[in-house]
Amino acid sequence: MSIETMGEFVESVARIGGREALSRFREEIDVENKADATEKIVDSKDIVTTADKETQRSIIEAIREEDPDREIVGEEEKELKSVPESGDAWIIDPIDGTYNYNRGDSYWMTSVAVVEDGKPIAAANIAPALGDIYVSEPGGTTRNGKEVTVTDHSRPEHANVATTVSPSFGSREAYSEGVADTVRRFGNTRRYGTAQFTLTKVAAGVLDGVVAPGRIDPWDSVAGVHLIEQAGGRVTDFEGNPWRYDSQGLVASNGEIHQDLLRTAAIMG
């Protein structure tokens, strides 16, 4: 499959997954705890639903019809959990924002990306409950077929930023201090409860930046990072180095307020 057609195919399989997830949205679904299905669910990162599993299966089935050999990295079930250092791979998250999804909140995404030697070459993030489709290929990012770019806001007091991927409950002291710093440093602070959704908002110019501590799973990050970079933004780790799928911490921005976000990251990280 050529790189010229990869973007269209990534979008098509993401649409298939999005339709599957949307068909089960706000319906009665089974919810499990990933760590132990018998334990009471107390951490939003631990839940998985039948919709997650069935959506991932529908995406994989669509991929395998056209691309039977490429590795697949997926959040659910027995797919790979790390990105291969070399070669090609798919990275999929059937429902990023499962907690939101399970609560009937429309802020969730179906995410699909393709990487070569660990670097993304095409990605699609779809918000089925909102009707928005974001696609990135070399040279640009689109929303519903129209090009989008990051903002050019440079003054922190005018910036709209977000935090995401909070640590587990009971281990949030530094994270809380970092969130407090965003409130003091920037004009507006948001939290959507889904990393891909948040990153996509930066690419589309809705947010000016985002800070996320720790190592973020590739299915929660790679597609959104590609969307931002192809929309003209900047993505680094907490030290300001170019971000990779195995980096510790993620700072994404329009480029103009990046140093301000790194100051917040120093507190949070």
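Just so it is clear, the model here is predicted, and its values are computed rather than measured.

K.L.:
Run through the overall build of the protein, naming residues and quoting values.
P.N.:
The helix and strand inventory of the protein stands at 7 helices and 14 strands. Against the compact-globule benchmark of 18 Å for 269 residues, the protein has a radius of gyration of 17 Å, which places it among compact chains. Principal-axis analysis of the C-alpha atoms gives the protein an extent of 50 × 45 × 35 Å. Among the 269 residues that make up the protein, the fraction classed as buried is 53%. Residue pairs at least 24 apart in sequence account for 63% of intrachain contacts in the protein once pairs closer than 6 positions are excluded. Taking the average location of the 28 positive side-chain charges in the protein and that of its 48 negative ones, the two points are 5 Å from each other.

K.L.:
Describe unusual backbone geometry, and please don't skip the residues or the numbers.
P.N.:
Of note, Asp-117 is a non-glycine position whose phi angle comes to about 50°, a positive value. By the secondary structure assignment, Asp-117 is in the loop between strand S5 (109-116) and strand S6 (119-127). Unusually for a residue other than glycine, Asn-144 sits at a positive phi of about 50°. On the secondary structure map, Asn-144 appears in the loop between strand S8 (140-143) and strand S9 (146-148).

K.L.:
Outline the pattern of salt bridges, listing residues and values.
P.N.:
A side chain with one charge can pair with a side chain of the opposite charge if their charged atoms come near. One pass over the structure, following the stated rule, counts 10 salt bridges. The closest approach of N and O atoms between Asp-181 and Arg-185, which form a salt bridge, is 2.9 Å. Here Arg-185 and Asp-181 lie together in helix H4 (residues 173-185), a separation of 4 residues that amounts to about one turn. According to the relative accessible area criterion, Asp-181 is buried, its value standing at 6%. When salt bridges that share partners are traced, they join Asp-67, Arg-70 and Asp-88 into one network.

K.L.:
If you had to explain the packing of H4 against helix H7 (residues 258-268) to someone new, which residues and values would you point to?
P.N.:
Between H4 and H7, the least distance of the axes is 7 Å, while the angle of their chain directions is 155°. Between H4 and H7, the angle falls in the class roughly antiparallel. For the pair H4 and H7, the crossing hand works out as right-handed. Of H7, the residues touching H4 (which contributes Ala-174, Tyr-175, Glu-177, Gly-178, Val-179, Asp-181, Thr-182 and Arg-185) are Asp-260, Arg-263, Thr-264, Ile-267 and Met-268.

K.L.:
Could you give me a rundown of the sheet that holds strand S12 (residues 209-212), with the residues and numbers involved?
P.N.:
As summarised here, the arrangement of the 5 strands in space is S11-S10-S12-S14-S13, forming an open sheet in which the pairing is mixed. Looking at the sheet topology across the chains shown, the edges are occupied by strand S11 (188-190) and strand S13 (234-236). For this sheet the average axis-to-axis angle between neighbouring strands, irrespective of direction, equals 15°. Sheet analysis places S13 next to strand S14 (residues 250-253), joined by 3 bridges and oriented antiparallel. Residue pairing across strands places Thr-236 opposite Val-251, the latter belonging to S14. Strand contacts of H4: strand S10 (160-163) and S11, with the helix running at about 175° to S10, the strand carrying the most contacts. The strands touched by helix H6 (residues 222-230) are S13 and S14; relative to S13, the strand with the most contacts, the crossing angle is about 140°.

Cut-offs applied
Residues numbered from 1 in each chain as written. Predicted model: local features only at pLDDT ≥ 70, side-chain atom pairs only at ≥ 80, totals over all residues. Heavy atoms only, no water. Helix = DSSP H or I, 4+ residues; strand = E, 2+ residues; numbered from the N terminus. Rg over C-alpha atoms; globule rule 2.2 N^0.38 Å. Buried < 20%, exposed > 50% of the residue type's maximum accessible area, 1.4 Å probe, protein only. Contact = heavy atoms within 4.5 Å. Lys, Arg positive; Asp, Glu negative; His and termini not counted. Charge placed at Lys NZ, Arg CZ, Asp CG, Glu CD. Salt bridge = Lys/Arg side-chain N within 4 Å of Asp/Glu carboxyl O. Axes fitted to C-alpha atoms, helices over the stretch in contact; angles between N-to-C directions. Parallel < 35°, antiparallel > 145°, perpendicular 65-115°, else oblique. Left-handed = near helix turned anticlockwise from the far one by under 90°. Pairing = 2+ DSSP bridges.

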